Amino acid sequence: MDVLGIDIRWLGHASFRIEKEQKIFIDPFQLKLPEKDADLILITHDHFDHCSVDDIKKLINSQAVIVAAKMCRSKIDNFKTEVAKIIYSIPGDRVKVNNASVEAVPSYNVNKFRAPGVVFHPREMGYVGFILEIDKVRIYHAGDTDFIPEMNNLGKIDIALLPIGGTYTMTVEEAVEAVKAIKPRYTIPMHYGSIIGSEKDAERFEQLASSYTKVIVMKKE
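Every chain is numbered independently, its residues counted from 1 as its sequence is written. Residues qualify for local features only when their pLDDT is at least 70, as the model is predicted, and side-chain atom pairs are given and counted only at 80 or more; totals for whole chains, interfaces and linings, by contrast, use all residues. The side-chain values count all of the structure's non-hydrogen atoms but skip hydrogen atoms and water molecules.

Student: So what exactly am I meant to see when it comes to the sheet that holds strand E5 (residues 40–43) here?
Tutor: Each strand in a sheet pairs with another by means of backbone hydrogen bonds, the pair being arranged parallel or else antiparallel. Should DSSP find at least two bridges between two strands, the strands are regarded as paired. Only DSSP runs of H or I covering at least 4 residues are called helices, and only runs of E covering at least 2 are called strands; the numbering of each starts at the N terminus. Strand order in the open sheet formed by seven strands is E1-E2-E3-E4-E5-E6-E7, and the pairing between neighbours is mixed. The open sheet has two edge strands with one neighbour each: strand E1 (2–3) and strand E7 (85–89). Bridge analysis of strand E4 (residues 23–26) against E5 gives three bridges, and the strand direction is parallel. Residue Ile 24 lies in a different strand from E5, and its bridge partner there is Leu 40.

Now the structure itself:
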């Protein structure tokens, strides 16, 4: 789907293909077909449904660049002889790849617990989201996160890709609060319909968030 002149396709879960002059994949997971022509692959963290070695294999080629959260090194280093470059990021890092600027931003839980006092995505682990800027259009992929204070200071965001499935990430209601803080022109819900969350969550998010942003509920490709 064309959004502000950029082709954005939801591949399910938290996975996207973004294309304008180059093919960019974020958190590829359970891809239907190999696409050995990726220019840039972004990986937010090391969990199996975001840093999927099998799916990265379907995308890489000798010209590809991988930008991944630092914690992914043990998995991503396996590809260092098969791609042009691997860059490991922590929140605050910035890099330019062809026509895209990539900024790593914080992504973490504040109230999603796997054990008493222990969240699924602790801040200190360095999980990231990404702000991707192409031709002055800024796209924010939030990663696996709750509504966090840093969302108030992201600057202009044209397109936000926000998790809504709950359990490991924001609930629908929390994602609406995030929209109010981020103020994106367009918002695409993600992180539902596979491991956690349902299409009904996406529909409810659209109902609640549409007063604050243009919601695009995409069909999985």
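Student: Before we go on, may I ask you to explain the side chain of Asp 146 in this structure?
Tutor: In this fold, Asp 146 is placed in the loop between strand E13 (137–141) and strand E14 (159–163). Residues adjacent in sequence count toward polar contacts only when both atoms are side-chain atoms; beyond that, a polar contact is any pair of N or O atoms within 3.5 Å, and within protein one must be able to donate a hydrogen and the other to accept it. Separated by 3.2 Å, the side chains of Asp 146 and Asn 109 make a polar contact. In this structure the side chain of Asp 146 is engaged in a polar contact, spanning 2.6 Å, whose partner is the side chain of Lys 112. Contact between two residues is taken to exist if any of their heavy atoms lie within 4.5 Å; hydrogens are not considered. Setting aside chain neighbours within four positions, we find Asp 146 in contact with Tyr 108, Asn 109, Val 110, Asn 111, Lys 112, Met 151, Thr 169, Met 170 and Glu 174.

Student: Which parts of the structure should I look at to understand the pairing of E5?
Tutor: A regular strand carries its side chains on alternate faces of the sheet. Here E5 shows a buried face lined by Leu 40 and Leu 42 and a second buried face lined by Ile 41 and Ile 43. As paired elements, E5 and strand E6 (residues 65–69) share four bridges and run parallel to each other. When the sheet's bridge partners are listed, Leu 40 is paired in E6 with Val 65. Using a 1.4 Å probe on the protein chains alone, a residue whose accessible area is under 20% of its type maximum counts as buried, one over 50% counts as exposed, and one in between counts as partly exposed.

Student: What should I look at first to understand the packing of helix H3 (residues 172–182) against helix H4 (residues 199–209) in this one?
Tutor: A pair of packed helices is captured by two measures, namely the crossing angle of their axes and the spacing between those axes. For every element, the axis is a line fit to its C-alpha atoms; helices are fit only across the contacting stretch, and the angle between N-to-C directions ranges from 0 to 180 degrees. With their axes 9 Å apart at the nearest point, H3 and H4 run at an angle of 40° to one another. Crossing hand, H3 versus H4: right-handed. Between H3 and H4, the residues in contact are Val 172, Glu 173, Ala 175, Val 176 and Val 179 and Asp 201, Arg 204, Phe 205, Leu 208 and Ala 209, respectively. Taken together, the residues of the contact of H3 with H4 break down into seven nonpolar, no polar and three charged. Two helices that cross are described as forming a left-handed crossing if the nearer one is turned anticlockwise from the farther one by less than a right angle, and a right-handed crossing if clockwise. Gly falls in the polar group here, along with every residue not listed as nonpolar (Ala, Val, Leu, Ile, Met, Phe, Trp, Tyr, Cys, Pro) or charged (Asp, Glu, Lys, Arg).

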